[in-house]
Amino acid sequence: MSKRIANHERLPCTIQEEVATRHARRVMERLACQFNVKQYSDVEFRVEHDGQEPAEPIYASRMLLSATNDYFKAMFESAFRESEPGPIVIRGVDHATFVTCLRFCYSGQAEIDGSNLMRVLHGSDMFQIEDLFDSCCERMIGLVDRHCCVASLSVATRFQGRDGARRLQDACLLCVTSCLADFVADDWAGLSSLEPTVLDQVCVAIGHGLANFVSPVKALEAAFDAIRRWGVTRKYVPVNGT
């Protein structure tokens, strides 16, 4: 009897979780339909980018953005906004990227491809939309190969301390280690974009890759030559002239 009661006590909790999940999904679907609809909005944004004339206004709900995002919550709570009438001007991103960021706040979804990936990554960082930022990093991780891993590593280091950026950086360094033969065949020109601390990590990855490389001397010669070019590009002066 006590066993049946215990099972019965757990049952309502399971049902409640399923109902809550289904309800949340329906709410998100309806909220997505209300994005950028003036009738359901109480704030207007206008994007100014690269000196161009502001595009059409973007409408949103203060309550929804405040509930889903700390950046907008702080914006709406500031005393400055209380005394400033008219639309809120957004700078630093283009119109399409800002729309993508706001739409994600409404629906948890975003259309990301190679044409807008870097812009959305920047926008999600700027507006502190962590889930969107992580999604962009995961998309970049899926694209990492020997042709772009150095460039992707340079991007990852701009956002140090962020979980998504750290995973991207690890994926890039792993690519260096596992594809060392391909890197030796290239000119390593992308290394010039890296900071000294990141270059140090690349050198460690090269060291790990040498263990499985048939001609480590050839790999080291290519790596040293690339690092020397890095020093010339960065106008790096070695300590004591060495």
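The structure we're discussing is the one just above.
Residues numbered from 1 in each chain as written. Predicted model: local features only at pLDDT ≥ 70, side-chain atom pairs only at ≥ 80, totals over all residues. Heavy atoms only, no water.

**Student:** Tell me about the packing of aromatic side chains, and name the residues and values.
**Tutor:** This structure, assessed with the given rule, holds 10 aromatic pairs. With centroids separated by 5.3 Å and ring planes inclined at 80°, the aromatic side chains of Tyr71 and Phe127 adopt a geometry described as edge-to-face. Within this pair, whereas Tyr71 is found in helix α3 (residues 70–77), its partner Phe127 is found in the loop between α6 (117–126) and α7 (130–143), the two being separated by 56 residues in sequence. By relative accessible area, Tyr71 is classed as partly exposed at 25%. In this structure Phe127 comes out as buried when scored by relative accessible area, which is 0%. (Phe/Tyr/Trp six-rings, centres within 6.5 Å; stacked < 30°, edge-to-face > 60°. Helix = DSSP H or I, 4+ residues; strand = E, 2+ residues; numbered from the N terminus. Buried < 20%, exposed > 50% of the residue type's maximum accessible area, 1.4 Å probe, protein only.)

**Student:** Please give an account of the environment of Glu130 that cites residues and values.
**Tutor:** Residue placement: Glu130 occurs in helix α7. Overall, the relative accessible area of 38% leaves Glu130 in the partly exposed class. In sequence terms Glu130 and Arg162 are 32 residues apart; their C-alpha atoms lie 9.0 Å from each other.

**Student:** Pulling in residues and values, what's your account of the packing of α6 against α7?
**Tutor:** At a minimum axis distance of 8 Å, the contact between α6 and α7 shows a crossing angle of 150°. By the angle class used here, α6 and α7 are roughly antiparallel. Judged by the sense of rotation from one axis to the other, the crossing of α6 with α7 is left-handed. Along the contact surface, α6 presents Leu117, Met118, Val120, Leu121, Ser124 and Asp125, while α7 presents Leu132, Phe133, Cys136, Cys137, Arg139, Met140 and Leu143. Considered class by class, the residues forming the contact of α6 with α7 number 10 nonpolar, one polar and two charged. (Axes fitted to C-alpha atoms, helices over the stretch in contact; angles between N-to-C directions. Parallel < 35°, antiparallel > 145°, perpendicular 65-115°, else oblique. Left-handed = near helix turned anticlockwise from the far one by under 90°. Contact = heavy atoms within 4.5 Å. Nonpolar A, V, L, I, M, F, W, Y, C, P; charged D, E, K, R; others polar.)

**Student:** Explain helix α11 (residues 196–210) to me, using residue names and the numbers behind them.
**Tutor:** Each α-helix winds once per 3.6 residues, and so residues spaced three or four apart point in a common direction. With 15 residues, α11 should reach 21 Å at 1.5 Å per residue; the first-to-last C-alpha distance of 21 Å fits that figure. Turning to α11, its buried residues number three or more, namely Val198, Leu199, Val202, Ala205, Ile206, Gly209 and Leu210. Projected onto a plane normal to the axis of α11, the buried residues spread over an arc of 145° and lie on a single side. Opposite its buried face, α11 presents the exposed residues Thr197 and His208, each directed more than 90 degrees away. (Expected span 1.5 Å × (residues − 1). Arc of directions from axis to C-beta.)

**Student:** Quick one: what's the story with the nonpolar core, residue by residue and with numbers?
**Tutor:** Of all hydrophobic cores here, the largest spans 52 residues; its most connected members are Phe45, Leu65, Phe72, Ile90 and Phe98. At seven residues, the largest contribution of residues to this core is made by helix α5 (residues 95–107). Residues within four places of Phe45 in sequence aside, it is in contact with Pro57, Ile58, Ala60, Leu65, Phe72, Met75, Phe76, Ile88, Ile90, Phe98 and Leu102. (Core = buried A, V, L, I, M, F, W, Y, C linked by side-chain atoms within 4.5 Å.)

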